[in-house]
Each structure stands twice: as C-alpha cells, then as structure tokens.
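# Per-entry structural report
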Amino acid sequence: MKDRMLLGETHSVENVVRELVDFNLYLQDAALQEAVRREGAAWAHEDLAAFGALTGSGEYLTLGALANRYGPELETHDRFGNRIDLVTFHPAYHSLMKTSIENGLHSSPWTEPKPGAHVARAARTYMHTQVDAGHGCPITMTFAAIPSLRTTPELARNWEPKITARIYDPRNVPYADKLGLTIGMAMTEKQGGSDVRANTTRAYPIGAEGPAAAYELIGHKYFVSAPMCDAFMVLAQAPGGLTCFLLPRWRPDGTKNPFQVLRLKRKMGNISNATSETELRGALAWRVGEEGRGVRTILEMVAMTRFDCMIGSSAGQRAAVSQALHHCSIRTAFGKVLNQQPLMRNVLADLVLDSEGALALTMRIARAMDNRADPHEDLLVRLATPVGKYWICKRTPGHAYEAMECIGGSGVMEDGPFPRLFRESPVNAIWEGSGNVQCLDVLRAMRNAPDTLEAFFQEVTKAQGASAPLDRWVDALRKELGDEDDIEYRARDIVDRMALAIQAALLLQHAPTHVADAFCSSRLHVVGTHNYGTLPRGVDRAAIIDRATPRTDA
Ligand SMILES: Cc1cc2nc3c(=O)[nH]c(=O)nc-3n(C[C@H](O)[C@H](O)[C@H](O)COP(=O)(O)OP(=O)(O)OC[C@H]3O[C@@H](n4cnc5c(N)ncnc54)[C@H](O)[C@@H]3O)c2cc1C
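Residues numbered from 1 in each chain as written. Predicted model: local features only at pLDDT ≥ 70, side-chain atom pairs only at ≥ 80, totals over all residues. Heavy atoms only, no water.

### Observations regarding empty space enclosed by the protein
Think of a ball as big as a water molecule: rolled over the atoms, this probe shows where empty space is left. For the structure on display, the rule yields six cavities of 30 Å³ or more. What the largest cavity holds in volume is close to 290 Å³. Along its surface, the largest cavity is lined by 23 residues, and Ala133, Gly136, Cys137, Thr140 and Asp308 are the ones closest to its centre. Contributions of two or more residues to the lining of the largest cavity are made by α7 (117-131), α8 (136-149) and α10 (294-328). A per-element tally of the lining of the largest cavity places α8 first, with five residues. Along the lines of polarity and charge, the residues of the lining of the largest cavity split into seven nonpolar, eleven polar and five charged. (1 Å grid on protein atoms, 1.4 Å probe; cavity = no way out; pocket = protein on both sides within 12 Å on 5 of 7 lines; lining within 4 Å. Points joined across faces, edges and corners; volume = space filled by probe spheres on them. Helix = DSSP H or I, 4+ residues; strand = E, 2+ residues; numbered from the N terminus. Nonpolar A, V, L, I, M, F, W, Y, C, P; charged D, E, K, R; others polar.)

### Details of helix α9 (residues 153-164)
Considered for burial, the residues of α9 that qualify are Leu155, Ala156, Trp159, Glu160, Ile163 and Thr164. Looking straight down α9, one finds that the buried residues subtend no more than 120 degrees of arc, so they occupy a single side. Across α9 from its buried face, at more than 90 degrees, point the exposed residues Arg157, Asn158 and Pro161. Contact partners of the buried residues in α9: α6 (108-111), α8, β3 (183-186), β6 (231-238), β7 (241-248) and β9 (275-288). (Buried < 20%, exposed > 50% of the residue type's maximum accessible area, 1.4 Å probe, protein only. Arc of directions from axis to C-beta. Contact = heavy atoms within 4.5 Å.)

### Description of the layout of surface pockets
Estimates place the volume of the second largest pocket at around 980 Å³. Lining the second largest pocket are 40 residues, and of these Ala65, Val131, Gly416, Pro417 and Arg420 lie nearest its centre. The set of elements that each furnish at least two residues to the lining of the second largest pocket consists of α4 (58-69), α7, α10 and α13 (418-424). Tallied by class, residues from the lining of the second largest pocket come to 16 nonpolar, 16 polar and eight charged.

### Some words on the pattern of salt bridges
Within this structure, the stated rule accounts for 37 salt bridges. Between Arg263 and Glu277 there is a salt bridge, with its nearest N and O atoms 3.1 Å apart. One end of the pair, Arg263, is in strand β8 (residues 259-264); the other, Glu277, is in strand β9, and 14 residues separate them in sequence. Residue Arg263 is classed as partly exposed on the basis of its relative accessible area of 46%. For Asp546, the salt bridge goes to Arg551, with nearest N and O atoms at 2.6 Å. For Arg551, a relative accessible area of 32% gives the class partly exposed. (Salt bridge = Lys/Arg side-chain N within 4 Å of Asp/Glu carboxyl O.)

Any link to function would need more than the numbers given here.
Printed below as a string of structure tokens:
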C-alpha cells in the first residue's frame, strides 16, 4: 500500500464501458434489416451492409462529433469590405455531405424510382443520421425540393439534373459552374412560421409573364438553414397572392444575388447545420407553380421533409437506445450487469419498444411512398405522415433523456454522445410543422379527403383479431373520431391514439411476438401517463433487449 501511494496511484479503472464503435449499423440492427426486406428493398441488402460498416466505424462516427464540436461560422464581408455572406464548415461536415450525396440520400428515389427505392433511401438516411443529424437538413431539403420543382418543368429541366447528381460540389461559385447543387427552404418570417400566410416578403414581377417568370423579392426570412445552398424555395407575396419561388444565391450573369445573411442562429442543438437570418434585397427569383398557389406548391416539399423528420427521430431513438443497451450490457452495479437488474430491464425493454414502433411506421410509410400510384398507399401517405411526424418526433426527447439516464452521471458529460442526442431531440418536433400543426393537419386531411381515414383503418385492421387490446383500442378510436365536438381541442389525444394503433398493428403483423405483445400490453390502455420502465408483468424483456443490443464483436 505504501509503495502504491509513493507512486501516486489512486485507483485502477474498472467497471467502465468501451466506446460503441466499429459495429455495423445495418447488420447489428435486426429490426432495420427485417423492415428493409419486408417493405420491398431486399435488393439493397449488400449495399446497406456496406453502408452500415462505414457508418458504424469509429473513424466515421468521429466525423459526426467533429462537425458538431466545430460548428459553422459566418463571414458577412471580406477584408476589403465586400459583402460575401460566406459560411464555412469544418472538413468533417463536408465529408458527411459528400458521403450522403454520393450515396444518393438526396436523390435516389427520383433518379432510380423502383419498388423499394424510398425504403432503401430511408434505411441509409436512418444510419447516416445516427452519425450526425445536422448535415441531414440540406440533404433532406435538396431531396424534398424535387416534387415542388417539377410543378414547373421549365425550371426542373435546368435544375434537376444537377440537384440529383451524386456529386458534392461545395464551391462558392455560380450554379452554372457547379457539378452538383443543393437546395434550401426559406418560409419562416419573424411574425409567423406555422402561419406562412402572414409572410410579408414581397415579390415584384420583372419580366415576361409565364411559367418560371422572374421576380425580385424584398423582405426578410427569420430561419434559413444551410444558407450555402445554391438556391432556396421561398414563399413571398406576389400580386396574385402567396407564391413559391426558386431563389438562386448567384444571378445568371455571375453576380451575387442580394440574399444577405445577417447572422447565424445560436442553437441549442443541430449544431453542425448552419441556420441563418437573412434579408432579401431585391433578390432575383423564378416563380414555381402559379401565383397565389404558394402554399400548395411548397407543401409538395414539406410532405417530404416531414417524412424525413420521422426517419431522423427514429434514428435518434435508435442511436440513444443502442448506447444505453451497450452500456448496460457491460456496466455492473450491486453485483450484477445492469441489463440483468430487473428494473433496468424494464426500462431498456421499454425504450426498445418505442424505437421498434418508430422504425416500423417510418418504413411502412417509405413503402407507401414507393407505391403512390396505388390509391390506398397514397391516402396512407397523406394521413399517416403527420400522424407519424407528430408522434415519433414528440416521443424522442423523453426517450433520449431516459436513455441518457441509463448511463448515469457520465451520460450528462459533453465527451459522450448524449448531450448531442438530447439537444438534437426536440428539433424535428418543432420544425416542418410543430406538434399542434401536425395534429391539425391530420384533422384537415380527414375533413378534406374522408377516404384517408378509411385507408388508415384498413391498414390497422390488417392486424384485427391478433390482439384483444388493439381491437378494443380501435373500436374506441372510431367512436372518438365519430364525435366532432371540440375535435380541435382533442386533436392531440386522437393523434396519439392513431399513432399507437398503427404502430401496434404493424408490430403485430411483422415483429417478433414478444415485441408486439409487449408493445400492446404496455401502450394500449391509458394515454399520457406512460413513464419508461413501467412495462407490465409477463413481458419477455430479455428477448426484447437481446434482439436490439448492438454487438461490436460480430
Ligand atoms: C433549427 C431550426 C432550423 C429551421 N430552419 C428553417 C428553414 O430552413 N426554413 C424555414 O422556413 N424555417 C426554418 N425553421 C423554422 C421552423 O420551421 C419554425 O420555427 C416552425 O415552423 C414554427 O414556426 P414559429 O417558430 O414561427 O412558431 P409559431 O408558428 O409561432 O408557433 C408557435 C407554437 O404555436 C403552435 N401553433 C401554431 N398554430 C396553431 C394553431 N392553430 N393551434 C394550436 N397551436 C398552434 C405551434 O405548433 C407552435 O408550437 C427552423 C427552425 C429551427 C428550430
């Protein structure tokens, strides 16, 4: 003892966990592999396995950490006083963007449409978001811009080939000189984000009338993410009403378009992504769609970004629960490995169930997006996307926090992954239509197209008879929906129930019995009072935990 003290040794490091690195994000995720096969993308297995190896490697995971530790910086002017509006990023951010684009996360369903195309892209996005969520913002916006852009073939003809190209070209040069382009979105203004009809940015026609006509835009945008994108889908008030525009960062003559970045937002999360406040000082833009139809035109884009929020939050849940499962498979307390402690098993299994439900719903919608020519699938996309966006994104912050608590005190430390996961966790719920807005959109869809609700129930009744709790739940939900009184006030409760119904139905059809039964027995009763770790007796928690635990030795 005396010798040890002389050497200055205080203790040996024991009972601590090693980093969760060098594991395959695809092959170590049974639920993901099953979903990919089931929803029509079995053909992508080899590629997804390779992508899983890349994204789970220690070296690659480090890129996500670096891109968030060294966030973007804005230079408004050069040293001579010229306006430059230049945002610079850490090289890790560029590496992540390059991988995303080279793997078609921004375009594959548009360039190679086939059964399973959206499913395979969703699987890749799910893995890549576990490395870093922030860079996914411009990737999603670029991907999502295509349906809106296609409403104006004159623009799509010129822009789509470079938008969908698998070339990441971050050079700050005019779009005509670039090989690959990225697209952002500028709708939100200070006075209103959800209610874009309140937009005050004005658009003045400056040339010949007709599709893709040119305008000048004057106004401000209070949230513009990824301001180094090559062009932005913008809403502004034209003489005929709120209209959608494509606004390039450079004019066709090679001069800088007056799209001025005032400052970058100081965000609590989503750090690797730059989000800016901007002013449009007579900026050139081309009309997308018709004058006065701006909301309808940009909704084509927003539907896609909402779907990506589902993928992103499902990925956030998977990343968090993977860390918790890994930690608790090694760390001991009171003489037992944590995942052998009965109460911790309850918590872990419960966290896994949310993650399983989130993934199952997301991948089902991906398949529906692959099959929109089928009216049932199209109706399902319309209704189940806001249901899923609301529910999955809203569950994620609580899920991240609870997974963090599984690590104990070190979970809170900045040198681990949880502060980033936790800070990221509310973002998807807030942007692209916050929680209430999603619930109101569900009501709107049901009101404007009552067939959407029938399609929803058809989907849920595929599991009819498989679970008495689900059958009872669905009956009660139908009754609830039949009551129109105060329906807006009750909308969250209704959407909660819809989300749980469709997740339970999917799990009953496709997940192992122990997962589906535990999901139904724990979630299909009282809504709103469920804390993690309150699974009822009789649940096969060992099997649930074992299935989801990532292994670094396989
Ligand atoms: C990190 C980040 C990046 C962003 N990037 C972009 C971007 O690139 N481009 C862009 O255009 N925007 C962007 N946004 C803005 C975002 O889309 C808006 O913040 C969001 O749409 C909400 O708008 P708001 O902030 O004005 O809130 P408000 O519209 O004022 O809403 C406040 C609250 O009221 C609720 N609410 C609204 N209407 C109703 C109603 N009728 N009934 C009940 N409740 C209601 C909302 O759900 C919300 O909870 C970004 C936001 C964040 C956080």
